[in-house]
Amino acid sequence: MKKSRHIIHLILLVSFFIPFTHVSTVYALDSNTVSEVIPGGQSIGVKLHTSGVIVVGFSPVQTNDGKVSSAEQAGVKIGDIILKLNGDKVDNMSDFIKKIKETEEKKEPVQLLIKREEHIFPLSFKPAYDVKDEAYRLGLFIRDATAGIGTLTFYDPESKKYGALGHVIMDHQTKKPIDIYNGKIVTSDITSINKGKNGTPGEKKARFSMDDDSLGTIQINSDYGIFGKLNDSSFIKGHQDPIPVAKANEVKEGKAQILTVVEDDKVKTFDIEIISSVPSKNPETKGMIIKVTDKELLKKTGGIVQGMSGSPIIQNGKLVGAVTHVFLNDPTSGYGVHVEWMLNEAGLKIEAEKQTQKAS
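Residues numbered from 1 in each chain as written. Predicted model: local features only at pLDDT ≥ 70, side-chain atom pairs only at ≥ 80, totals over all residues. Heavy atoms only, no water.

**Some thoughts on the sheet that holds strand 20 (residues 202-207)**
Working step 1: What the 3 strands build is an open sheet, ordered 19-20-28; its pairing is mixed. Looking along the sheet, the strands with just one partner apiece sit at the ends: strand 19 (189-194) and strand 28 (305-306).
Working step 2: In this structure, strand 20 lies alongside strand 28, joined through 2 bridges in parallel fashion. Looking at strand 28, one finds that Gly202 is bridged to Val305. (Pairing = 2+ DSSP bridges. Helix = DSSP H or I, 4+ residues; strand = E, 2+ residues; numbered from the N terminus.)

Next comes the structure, spelled out in structure tokens:
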């Protein structure tokens, strides 16, 4: 049996930086109140494992009746998550391949338990016989993990909760949010940067290893970023002191700064301007429009680049939001999300009384 037929698509994304609209959370974090947090800016490596394996494509096999993908004919679709195979739970790629080989060798029908968006249902069908390999095949491309880089937005030392990215992580093949089973973040060093140009977003190139010790867990993947708890905050301590957090209605048009990494692991401050801010009372993923004005950052990156998602936005000494998206026709500008909505997603509520006292 040729191993090449069981293709594993482990995609190394250089960044997570695409507009998304769907929410996919694992479970809510316990609620706490905060008046200040430690701003981030550090580059982080991110790895997500799905619950089961994701169908990312089809591989028709040669039969006597032509090329056939029995899985596709049975109704399997790209983006489906296979949770069980013949009643056995599928935890990862290697687990699925081992189980499917046993099934193919016995020439038995397979029964898959499929998750498609919010629906879970069984599908039963017989693998197609590949006349070239003289073996039975499902005709599927599957994957169980996605890796990439992003930027840490904040860390609350009391609850150990963090937030990063500022937007959801989607599978670039299925175009759907990744339904995570577990995940982790690790340290990351920026090695080079491709500058952004009109029509083409730039990107950060990074070096990291998912075999490194985990900095923290990923518990939530939502429209407002990824969230979890840090196991090791040593890479943050000593870089920044806690600063106040601002509600969405406190953010004003005008000068501000972002914290991000453009070389190695050094967090630096760069000037931007908040062009507009929508003081919505309800969560909004694109509440701010920002423009990079810092000459050094423009020279190095051309403006906002992929991998910068999650870079904290600071205004008047307060954490007000995070960079999320770039305008393709103008890489100097893009969207930001108010930090209030990121904090809410992490289970952190801004202390109303302290905010009122400081505002007065």
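**Section: unusual backbone geometry**
What is expected of a backbone is that most residues other than glycine have negative phi and most peptide bonds are trans.
Working step 1: Despite not being glycine, Lys160 has its phi angle at roughly 65°, a positive value.
Working step 2: As for its placement among the helices and strands, Lys160 is situated in the loop between strand 14 (140-156) and strand 15 (161-164).
Working step 3: Take Lys160: its relative accessible area is 43%, and that puts it in the partly exposed class.
Working step 4: Notably, Asn316 is not glycine yet its phi reads approximately 55°, a positive angle.
Working step 5: Within the secondary structure layout, Asn316 lies in the loop between strand 29 (312-315) and strand 30 (318-327). (Buried < 20%, exposed > 50% of the residue type's maximum accessible area, 1.4 Å probe, protein only.)

**Considering the sheet that holds strand 27 (residues 288-292)**
Two pairing modes exist for strands in a sheet, parallel and antiparallel, and in both the strands are linked by backbone hydrogen bonds.
Working step 1: The 6 strands are arranged 25-26-27-31-30-29 in a closed barrel whose pairing can be described as antiparallel. Across this sheet, the average inter-strand angle for adjacent strands is 45°, counted without regard to direction.
Working step 2: Sheet topology note: the strand 25 (residues 254-261)/strand 26 (residues 267-277) ladder contains 8 bridges and is antiparallel. Along strand 26, the bridge assignment pairs Ala256 with Ile272. (Axes fitted to C-alpha atoms, helices over the stretch in contact; angles between N-to-C directions.)

**Some thoughts on the pattern of salt bridges**
Working step 1: Counted by the stated rule, this structure contains 7 salt bridges.
Working step 2: For Glu250, the salt bridge is made with Lys318, and the minimal N-O distance between the two is 2.7 Å. Of this pair, Glu250 sits in the loop between strand 24 (243-244) and strand 25 while Lys318 sits in strand 30, and the two are 68 residues apart along the sequence.
Working step 3: Here Lys268 makes a salt bridge to Glu296, at a shortest N to O gap of 2.8 Å. Placement of the pair is Lys268 in strand 26 and Glu296 in helix 3 (residues 295-301), with a sequence separation of 28 residues. (Salt bridge = Lys/Arg side-chain N within 4 Å of Asp/Glu carboxyl O.)

**Quick notes on the side chain of Ser188**
Working step 1: Within the secondary structure layout, Ser188 lies in the loop between strand 18 (180-187) and strand 19.
Working step 2: Given a relative accessible area of 3%, Ser188 falls into the buried group.
Working step 3: Beyond its immediate chain neighbours, meaning those up to four positions away, Ser188 contacts Ser43, Ile44, Gly45, Ile149, Ala206, Arg207, Phe208, Asp264 and Asp265. (Contact = heavy atoms within 4.5 Å.)

**Quick look at the packing of aromatic side chains**
Working step 1: Scanning all chains against the criterion turns up 2 aromatic pairs.
Working step 2: Centre to centre, the rings of Phe327 and Tyr335 are 4.9 Å apart; their planes meet at 85°, and the pair counts as edge-to-face.
Working step 3: Judged by its relative accessible area of 24%, Tyr335 is partly exposed. (Phe/Tyr/Trp six-rings, centres within 6.5 Å; stacked < 30°, edge-to-face > 60°.)

**Considerations on the environment of Lys161**
Working step 1: In this fold, Lys161 is placed in strand 15.
Working step 2: Overall, Lys161 belongs to the buried group, its relative accessible area being 1%.
Working step 3: Between the C-alpha atoms of Lys161 and Thr217, which are 56 residues apart in sequence, the distance is 9.7 Å.
Working step 4: Separated by 2.9 Å, the side chains of Lys161 and Asn32 make a polar contact. (Polar contact = N/O pair within 3.5 Å; in protein donor to acceptor, adjacent residues only side chain to side chain.)

Scope: geometric values only; no functional claims are made or implied.
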